[in-house]
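Structure at a glance
Chain by chain, the residues run as shown.
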Amino acid sequence: MPDARILPSSTALPASATAWRGRQIFWTVVLLAVVFGAVPAAITATGSSYLAQIAITAMIFVILSASLNHITGTAGLLSIGHAAFYGIGAYAAALLSTKLGLPFIVTLPAAGLIAAFVGFLVAMPTMRLVSIYFAVATLGIGEMIYVILLNWVDLTRGPMGIRGIPPIELFGWQANTLLSRYMAVAVIAVVCVWVLHRLTHSYYGNALRALREDDQCADSMGIDVVRLKVEAFVVSTFFAGVAGALLSHTSAYIAPDNFRFMESILILAMVVVGGMGSLPGAVVGALFMIVLPEALRDIGDYRMIAVGATMFLSILLLPKGMLAEGASLAFVRRAFARGWTTMSGGTPVGWK
């Protein structure tokens, strides 16, 4: 019989961890209520195509910000060419639907897979680079892809872009209205964020954080550093491609100017403002950076000054972001604080 004196009195979560989880569930419900309740109600009540387009754009950038957070925030690889894979996904979906007539249910995953394949080709020779050298490499790749999109006129139509991209259609249902387009994009965005959440908050996500903190130490612990970096980059570019497909099918027109370097900087700013390594922070950062400039449109040319000042103050006063990663890690520590159990004889067996 094990000695009862060495066993924890309860394996239940501490009260602080239970309260934190309750708050997490509460804010998740609130966010879903806004996304699937308040925003659709506002679009229906106003009938404003402007409001609907802002909401659709915000959802697309939530995917982009969350996907970049996976590679830059969680794995610690600074990528400043994310818009290039966004563009690859957009052009892949546009060409597959307009040239081959493939439906949305095929073009959406195909766009992600094509972007992921290009990401794999980029990652293989660059993953041994570190720090600023990897960032410069992604910058160069991003500019190369932009130039290809701009000058390969026979395939991409160059600066004229691609028109007449069909709307989202699933099993005979077509998203022809403003509300239906928004709802379709919102559902896909929520699914993408949920998948990234499950990846980030897992043993796989912990391995990525180990790479970020000290890749040499992670390598000494038996982690295949290069393989894990490549996998993280491929996953990140896959979701960027999915976001590009959504852009194509909701706007019906794309051009190379949608995927320039400044778009990559905007996505990176969303991750930094929200909180590096924090998935909720990436979501909040994307919403903040899309909605704020539109909310300040009434002040004209001064709005970008106000946006820049707000970003500066947020970085100055909240250097770890609006929703820092530390909150998530603190939850893990609290949740497992009483999970250490022992076998008979006092031999530790690990977290339960």
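Quick caveat, the model's predicted, so the values are computed rather than measured.

Re the overall build of the protein
For the protein, the count of helices and strands is 14 helices and 6 strands. Expressed as a percentage of the 352 residues in the protein, the buried residues total 43%. A separation threshold of at least 6 residues defines the contact pool for the protein, and within that pool the share at least 24 residues apart is 77%. Summing over all exposed atoms, the protein offers an accessible surface of approximately 17600 Å²; the carbon and sulfur share of this is 69%.

What to know about the pattern of salt bridges
Under the criterion given, the structure shown has 3 salt bridges. Salt-bridge contacts for Glu213 lead to Arg212; the nearest nitrogen and oxygen are separated by 3.0 Å. Residues joined in a network through salt bridges with shared partners are Asp224, Arg227 and Glu231.

Quick notes on the packing of aromatic side chains
Per the counting criterion, the structure on display carries 6 aromatic pairs. Ring centres 5.2 Å apart and planes at 85° place the aromatic pair Tyr86 and Phe259 in the edge-to-face group. Remark: Phe259 occurs in the loop between strand S4 (253–254) and helix H11 (261–274) and Tyr86 occurs in helix H3 (residues 82–98); sequence separation between them is 173 residues. Where Phe134 meets Phe233, the ring centres are 6.0 Å apart and the plane angle is 85°; that geometry is what we call edge-to-face. You can see Phe134 sitting in helix H5 (residues 131–151) and its partner Phe233 sitting in helix H10 (residues 225–251), a full 99 residues away along the chain.

As for unusual backbone geometry
Phi at Arg157 takes a positive value of approximately 65°, unusual for a residue other than glycine. The topology assignment puts Arg157 in the loop between helix H6 (153–156) and strand S1 (162–163). Of note, Ala252 is a non-glycine position whose phi angle comes to about 65°, a positive value. Looking at the element boundaries, Ala252 is found in the loop between H10 and S4.

Considering the nonpolar core
Side chains of nonpolar character tend, in soluble globular proteins, to be buried together. Among the nonpolar cores identified, the biggest contains 86 residues, and Ile60, Leu246 and Ile254 are the most heavily contacted of them. A per-element tally of this core places helix H2 (residues 49–74) first, with 14 residues.

What about the side chain of Thr126?
Residue position: Thr126 is located in helix H4 (residues 104–126). Owing to a relative accessible area of 11%, Thr126 belongs among the buried residues under this scheme. Among all residues touching Thr126, those that are not within four sequence positions of it are Phe134 and Ala137.

Considerations on the confidence of the model for the protein
Segments scoring low in pLDDT should not have their predicted coordinates read at a detailed level. Scored by pLDDT, the protein has a mean of 82; 84% of the residues are at 70 or more. When pLDDT is averaged over each element of the protein, H3 comes out on top at 94 and strand S5 (residues 340–342) at the bottom at 41. In the predicted structure, residues 1–13 sits below a pLDDT of 50 and forms 15 contacts with residues beyond four places in sequence or in another chain. For residues 335–352, every residue scores under 50 in pLDDT, and the model assigns this stretch 34 contacts once sequence neighbours within four places are set aside.

A closer look at H2
With 26 residues, H2 should cover 38 Å at 1.5 Å per step; its first-to-last C-alpha distance of 36 Å lies within 8% of that length. At Leu68, H2 shows its maximal kink, close to 30°. Taken across its 26 residues, H2 has 21 buried, putting it largely inside the fold. For H2, the N-terminal capping position is held by Ser48, with its side-chain oxygen 3.3 Å away from the main-chain nitrogen of Tyr50.

Here we look at the environment of Val185
One can find Val185 in helix H7 (residues 178–200). Classification of Val185 by relative accessible area gives buried; the value is 0%. Each C-alpha atom, one on Val185 and one on Ala58, is 9.8 Å from the other, the two residues being 127 residues apart in sequence. Other than its neighbours up to four places away in sequence, Val185 contacts Ile56, Met59, Ile60, Ile168, Leu246 and Thr250.

Here's the deal with the environment of Pro256
Considering the arrangement of structural elements, one finds Pro256 in the loop between S4 and H11. In sequence terms Pro256 and Pro159 are 97 residues apart; their C-alpha atoms lie 6.4 Å from each other. Discounting residues that sit within four places of it in the chain, Pro256 has contacts with Tyr91, Tyr146, Leu149, Leu150, Gly158 and Pro159.

Considerations on the environment of Pro166
Secondary-structure assignment places Pro166 in the loop between S1 and strand S2 (169–170). C-alpha of Pro166 to C-alpha of Asn176: the two residues are 10 residues apart in sequence and 9.8 Å apart in space. Look past the residues within four positions of Pro166 in its chain and what remains in contact with it is Ser97, Thr98 and His249.

Regarding the packing of H2 against H11
Here H2 crosses H11 at 75°, and the two axes come no closer than 9 Å. Regarding the angle of H2 to H11, the classification is roughly perpendicular. Only Glu263, Leu266, Ile267, Leu268, Met270 and Val271 of H11 make contact with H2, whose side of the interface consists of Phe61, Leu64, Ser65, Leu68, Asn69 and Thr72. Considered class by class, the residues forming the contact of H2 with H11 number 8 nonpolar, 3 polar and 1 charged.

Rules used in this analysis
Residues numbered from 1 in each chain as written. Predicted model: local features only at pLDDT ≥ 70, side-chain atom pairs only at ≥ 80, totals over all residues. Heavy atoms only, no water. Helix = DSSP H or I, 4+ residues; strand = E, 2+ residues; numbered from the N terminus. Buried < 20%, exposed > 50% of the residue type's maximum accessible area, 1.4 Å probe, protein only. Contact = heavy atoms within 4.5 Å. Areas by Shrake-Rupley, 256 points an atom, 1.4 Å probe, with all protein chains shown as cover. Salt bridge = Lys/Arg side-chain N within 4 Å of Asp/Glu carboxyl O. Phe/Tyr/Trp six-rings, centres within 6.5 Å; stacked < 30°, edge-to-face > 60°. Core = buried A, V, L, I, M, F, W, Y, C linked by side-chain atoms within 4.5 Å. pLDDT = per-residue confidence, 0-100. Expected span 1.5 Å × (residues − 1). Bend = angle between axes of the 7 residues up to and from the residue. Polar contact = N/O pair within 3.5 Å; in protein donor to acceptor, adjacent residues only side chain to side chain. Axes fitted to C-alpha atoms, helices over the stretch in contact; angles between N-to-C directions. Parallel < 35°, antiparallel > 145°, perpendicular 65-115°, else oblique. Nonpolar A, V, L, I, M, F, W, Y, C, P; charged D, E, K, R; others polar.

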